[in-house]
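Structural features, examined
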Amino acid sequence: MTKQWKPLTDAQWDAISPFLPLDRQRTHDLRQIVNSILWLLRTGCQWRNLPTEWPNWQTVYYYFRRWKQDGTFGRINLALNQLDRKRVGKEAYPSAVCIDSQSVKLAPMIWENRGLDANKRVNGRKRQLIVDTQGRLWLADVHSANQADGPSAVSMVSDLLWLVGERLEKVYGDQSYNGVFAQELARWSLDFEKASRPESTLGFVPVAKRWVVERTIAWTNHFRRIVKDYEYTISSSVCWLYLANIQIILQRII
């Protein structure tokens, strides 16, 4: 995965343009709008500091907010995940997924959904990521960092089933999910398998079946907009995570 930002190619634009409102003539080119959003994701620039070669920042933000609210980013993310799975000879939907959390610092002067993760000593928010066994992000949630992983992820189960469908059979996670979250999975006839590193080991240790979600979390470091949470709303935080996965998949398949 390249760290350098590049504008969308014709093939990449063709892959996502069917999900955008191209049915009428507009003052601004939507391809430029999408390029502006992806540039912001990669560079971490503030909205009001968007360079003059891009459309006006209020215009770019308008479309970001509109596509966030109507679920456009989620639909593009879902379609690209399916396309990439088919490219490597897999079924469109996964039968097994992995879940893990990441605590990140929250920008100063933002108090909504802020908390202290005492274990990791992070004052900010916690991201819950559900990926397939090759690391594609299927579902994300964001909440204050002081909330426990398992109980906070319970609400994601029904959303995951709606998103992935009946093909899903198993979810991998660490010890923190081996409680109410595992019980909620069982209620939907899904298996939970605990995959944790041995307690005697120190530092990072790749764990079979679950290291891919750790790799996906590491990929977030390539996007300056999400190395830290700068968003006032958690819905925006989730959308930037989907956009990161969208850009990764676009670079991979085209």
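Residues numbered from 1 in each chain as written. Predicted model: local features only at pLDDT ≥ 70, side-chain atom pairs only at ≥ 80, totals over all residues. Heavy atoms only, no water.

Looking at an unreviewed UniProt entry, the protein chain carries the name IS5 family transposase, with the source organism given as Spirosoma taeanense.

**Some points on the overall build of the protein chain**
This is how the line gets drawn: Comment: elements are numbered from the N terminus, with helices defined as DSSP H or I runs of at least four residues and strands as E runs of at least two. Residue exposure (1.4 Å probe, protein chains only): buried if accessible area is under 20% of the type maximum, exposed if over 50%, otherwise partly exposed. The charge count treats Lys and Arg as positive and Asp and Glu as negative. His and the chain ends do not count. Every charge is mapped onto a representative atom, which is NZ of Lys, CZ of Arg, CG of Asp or CD of Glu.
Counting its regular elements, the protein chain contains 9 helices and 6 strands. If you line up the protein chain on its principal axes, its C-alpha atoms span 55 × 45 × 30 Å. Evaluated residue by residue, the protein chain yields a buried proportion of 51% over its 254 residues. The protein chain carries 35 positive and 25 negative side-chain charges, and their two centres are separated by 5 Å.

**Observations concerning the state of the cysteines**
This is how it is decided: Cysteine sulfur atoms that come within 2.5 Å of each other are treated as a disulfide pair.
Inspection of the entire model under this criterion finds 0 disulfides. The structure places no disulfide on Cys239, whose sulfur is separated from the nearest cysteine sulfur, that of Cys45, by 19 Å.

**Points about helix α8 (residues 211–219)**
Counted only if it meets this: Throughout, the arc means the angular range of directions from the helix axis out to the C-beta atoms. The contact criterion used throughout is that any non-hydrogen atoms of two residues lie within 4.5 Å.
Of all the positions in α8, only Val212, Val213, Thr216, Ile217 and Trp219 are classed as buried. Angularly, the buried residues of α8 cover 155° about the axis, an arc narrow enough to put them on a single face. Where α8 is buried, its residues meet β1 (96–105), β3 (122–132) and α9 (234–253).

**Structural notes on the pairing of β3**
Cut-off, in case you're wondering: For two strands to be treated as a pair, DSSP must find at least two bridges joining them.
Counting buried residues along β3, 10 of its 11 residues qualify, which places the element largely inside the surrounding structure. Pairing analysis gives 3 bridges linking strand β2 (residues 115–117) to β3, with the strands arranged antiparallel. Counterpart to Asp117 in the pairing with β3 is Val122. Linkage of β2 to β3, two consecutive antiparallel strands, is achieved through a turn of 4 residues, within which Arg121 is found at a positive phi near 55°. The antiparallel pairing of β3 with strand β4 (residues 137–144) creates a hairpin that spans 4 residues between the two strands, and Gly135 there sits at a positive phi of about 95°.

**With respect to the pattern of salt bridges**
Filter applied, for reference: A pairing counts as a salt bridge when a side-chain nitrogen of Lys or Arg comes within 4 Å of a carboxyl oxygen of Asp or Glu.
Per the counting criterion, the structure on display carries 12 salt bridges. Put simply, Asp70 and Arg75 hold a salt bridge, and the shortest N to O gap is 3.9 Å. Here Arg136 ties to Asp84 by a salt bridge, and the two come within 2.8 Å at their closest N and O atoms. Here Asp84 lies in helix α4 (residues 72–87) and Arg136 lies in the loop between β3 and β4, a separation of 52 residues in the sequence. Accessibility assignment for this pair places Arg136 and Asp84 in one class, buried. Salt bridges here are not isolated pairs; linked through shared partners, they connect Asp84, Arg85, Arg87, Asp132, Arg136 and Arg252.

**Focus: the environment of Leu40**
Summarising the element assignment, Leu40 is placed in helix α2 (residues 30–43). Note on Leu40: relative accessible area 0%, which makes it buried. Placed 123 residues apart in sequence, Leu40 and Leu163 show a C-alpha to C-alpha distance of 27 Å. With near-sequence residues (within four places) excluded, Leu40 lies in contact with Cys45, Gln46, Trp47, Leu50, Val60, Arg225 and Trp240.

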